[in-house]
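Single-letter residue listing:
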Amino acid sequence: MKSVIATALLTAALISGSATAAAAEDYRTYTGSIDGAAYLVKVPTRWNGDLVLYSHGYFPLGYDPGRIALANRPETEGWLLEQGYALAASDYKGRTGAVYEQGPRDQQALLDWFGKNVRQPKRTVALGSSMGGALSIMLAEKSPRRFAGVASLCGPIDLNSAWNGILDVSFALKTLLAPDKNIELVRVTNPQQSAELLQAAITQALTTPEGRARLALAGALGNVPGWVTADKPRSADVAEQIRQQAFQISLIHVNTFGPFARVDLEQRAGGNPSWNTGIDYARQLARSGERELVRDAYRAAGMDLHADLAALAAAPRVGADPAAADWMSRFAVPSATTPTPVVTLHNVADSAEPGNERWYAQQVRRSGEPNRLRQLYADRPGHCSFSSAEEIVVLEALFDRIDTGRWPYLDPRHLNAAASKFGADHHKVTDVATFRDVPAAPGFVRFTPDPLMRPSR
């Protein structure tokens, strides 16, 4: 399927790598299927009694990842096994698409299986990346007695907000770049046509200053960063920033969560859960971390930004189906009760907005226990582009909190020093721009994200 090729390459890059560092004879492997959901379990010979349950990210329709991952990076998986942690992961029934209801159900079933066929773990930690990072938080909320802690990596924690953001970007692309094209934003009947028309509009827009300015505006409404190359600093050139922004819009908003994904989501939700009724896009732009890029691009093109914002304001809006919106509220938005300690890790320039962390912290202050939450950031672009050294340091912090009841010292300089103790194999990150691993120094940094663009609450 043409629409998943780029995303398949990205996903393969994110879960690829050598086998785990621990030798095969140092752990037992269990594989099988529970009600149609394949699983993988590894238990070290010298098991410390704790289990790490890994929830994988979103797989686009038609994509086969080739293996079941037990951590975001294979080196992290190997380290966990060497430290004596048992690892488990369900591939989820159906594997692909918006498995917000099915995925946690399958993970719970795997926990049941583990307790009956291996042994009840002393403690279980929920680990997840991307969509799995959001699902891990909700797993612990729904079954607090089963989990001792959560490590959420690069999570679009408010998954409902993410889909509204996808709608906002596509709405702007259609309104400003292809107003006369038959692009279906929701309730899609011809996903191939809509995906091709969206991609054609992006490709054409990149060829002119006017088109690039409108691309920057569309991207800013989803807070899509103009920086994606993990081994290079953000470019000072406006056109290059927009090119990198457009790359991510094509990859994320068209090929991953675009028309094909919308069909899957609406089938699961029982209708369209996304909406932009009452949304003021001028106000949204003012909230965006990419607002200065938009202003620079419009100045360079000699265009009137207010005229395009007026066009967006006048365009017909999209309404949600109430039952589908309720489904999203139940299965895609956490309650933020933090029944167990939670640590999050996000890159400062991620297409899955770092604002999710800011929103989640606000919700925890209202509904949970703020002292159970710690949020960490790495100073680089890319979705889930962390080194295993960074991931291990984050997990060590969570294990320490579980063991002692107190968070360890989490100053970025201290964390970077801790990560620096690992060898070169632990200092690689996936460059989303090229789908390859590149060297990366530890990047922990103090950071305050921009507000989440379309929060559910």
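Everything here concerns the structure above.
Residues numbered from 1 in each chain as written. Predicted model: local features only at pLDDT ≥ 70, side-chain atom pairs only at ≥ 80, totals over all residues. Heavy atoms only, no water.

Asker: So, the environment of Gln241: which residues are in play, and what are the values?
Answerer: Looking at the element boundaries, Gln241 is found in helix H8 (residues 238-256). Separated by 14 residues in sequence, Gln241 and Trp227 have C-alpha atoms that sit 6.1 Å apart. Leaving out residues up to four positions away in the same chain, Gln241 has contacts with Gly226, Arg234, Ser235, Ala236 and Leu293. (Helix = DSSP H or I, 4+ residues; strand = E, 2+ residues; numbered from the N terminus. Contact = heavy atoms within 4.5 Å.)

Asker: Give a detailed account of a positive patch on the surface, specifying residues and quantitative values.
Answerer: A contiguous patch of positive charge, built from Arg358, Arg365, Arg366 and Arg457, is present on the exposed surface. Here Arg457 is to be found in the segment after strand S10 (436-439). Given the relative accessible area of 44%, Arg457 is considered partly exposed. (Patch = residues over 30% accessible without salt bridge, like charges linked within 9 Å, V, L, I, M, F, W, Y side chains within 5 Å. Areas by Shrake-Rupley, 256 points an atom, 1.4 Å probe, with all protein chains shown as cover. Salt bridge = Lys/Arg side-chain N within 4 Å of Asp/Glu carboxyl O. Lys, Arg positive; Asp, Glu negative; His and termini not counted. Charge placed at Lys NZ, Arg CZ, Asp CG, Glu CD. Buried < 20%, exposed > 50% of the residue type's maximum accessible area, 1.4 Å probe, protein only.)

Asker: If you had to explain the sheet that holds strand S3 (residues 50-55) to someone new, which residues and values would you point to?
Answerer: Note: strands within a sheet are paired through backbone hydrogen bonds, in either parallel or antiparallel orientation. Read across the sheet, eight strands follow the order S1-S2-S4-S3-S5-S6-S7-S8 without closing on themselves; strand pairing throughout is mixed. Whereas interior strands pair on both sides, the edge strands pair on one side only; in this sheet they are strand S1 (27-34) and strand S8 (373-381). Each strand of the sheet is rotated relative to its neighbour by a mean of 15 degrees, with strand direction disregarded. As paired elements, S1 and strand S2 (residues 37-44) share eight bridges and run antiparallel to each other. Residue pairing for S2: Tyr27 is matched across the bridge by Pro44. Across the sheet, helix H4 (residues 131-142) touches S3, strand S5 (123-129), strand S6 (149-153) and strand S7 (342-349), and the angle it forms with S5 is around 150 degrees. (Pairing = 2+ DSSP bridges. Axes fitted to C-alpha atoms, helices over the stretch in contact; angles between N-to-C directions.)

Asker: Can you tell me about the packing of aromatic side chains, naming the residues and giving the values?
Answerer: The tally for this structure, following the rule as stated, stands at twelve aromatic pairs. Between Trp47 and Phe114, the ring centres sit 5.7 Å apart and the planes meet at 80 degrees, which makes this aromatic pair edge-to-face. Here Phe114 lies in helix H3 (residues 102-117) and Trp47 lies in the loop between S2 and S3, a separation of 67 residues in the sequence. By relative accessible area, Trp47 is classed as buried at 15%. You can call Phe114 buried: its relative accessible area is 1%. Between Phe171 and Tyr281 the ring centres are 5.6 Å apart and the planes differ by 25 degrees, which places this aromatic pair in the stacked class. In this pair, Phe171 is assigned in helix H5 (residues 159-177) and Tyr281 in helix H10 (residues 281-287), connecting sequence segments 110 residues apart. A residue is classified by how much of its surface remains accessible, and Phe171, at 2% relative accessible area, is buried. Taken together, the ring pairs connect Tyr30, Tyr39 and Trp113 into an aromatic cluster. If you follow Arg454 out to its NZ or CZ, it ends over the ring of Trp275, 4.4 Å from the centre. (Phe/Tyr/Trp six-rings, centres within 6.5 Å; stacked < 30°, edge-to-face > 60°. Lys NZ or Arg CZ within 6 Å of the ring centre and 35° of its normal.)

Asker: Could you give an account of the pattern of salt bridges, with specific residues and numbers?
Answerer: Under the criterion given, the structure shown has 23 salt bridges. Here Arg454 ties to Asp168 by a salt bridge, and the two come within 2.8 Å at their closest N and O atoms. Highlighted residues: Arg454 in the segment after S10 and Asp168 in helix H5, separated in sequence by 286 residues. Across this residue pair, the class does not change: Arg454 and Asp168 are buried. Across the salt bridge formed by Arg413 and Asp411, the nearest N and O atoms sit 3.5 Å from each other. By sharing partners, the salt bridges in this structure join Arg73, Glu75, Lys428 and Asp437 into a single network.

Asker: Quick rundown of the packing of helix H6 (residues 191-205) against H8? Include the residues and the values.
Answerer: Close contact between H6 and H8 brings their axes to 11 Å; oriented N to C, the two are set at 175 degrees. Between H6 and H8, the crossing angle belongs to the class labelled roughly antiparallel. The residues of H8 that touch H6, namely those facing Ala195, Leu198, Gln199 and Ile202, are Ala246, Ile249, Ser250 and Val254. Here the contact of H6 with H8 is composed, by residue class, of six nonpolar, two polar and no charged. (Parallel < 35°, antiparallel > 145°, perpendicular 65-115°, else oblique. Nonpolar A, V, L, I, M, F, W, Y, C, P; charged D, E, K, R; others polar.)

Asker: How would you explain helix H11 (residues 291-301) if you had to name every residue and give the values?
Answerer: Structurally, the α-helix is built with 3.6 residues per turn, so residues lying three or four positions apart point the same way. Restricting attention to buried positions, one finds in H11 the residues Leu293, Val294, Ala297, Tyr298 and Ala301. Across the axial projection of H11, the buried residues extend over an arc of 130 degrees, all falling on one side. For H11, the exposed residues set more than 90 degrees away from the buried face come down to Arg299 and Ala300. Taken together, the buried residues of H11 touch helix H7 (209-220), H8, H10 and helix H12 (305-314). Immediately beyond the C-terminal end of H11, within one or two residues, lies Gly302, with a positive phi of roughly 65 degrees. (Arc of directions from axis to C-beta.)

Asker: Lay out unusual backbone geometry with the relevant residues and their values.
Answerer: One non-glycine residue, Ser130, adopts positive backbone phi at about 60 degrees. Residue placement: Ser130 occurs in the loop between S5 and H4.

Geometric values such as these leave the question of function open.
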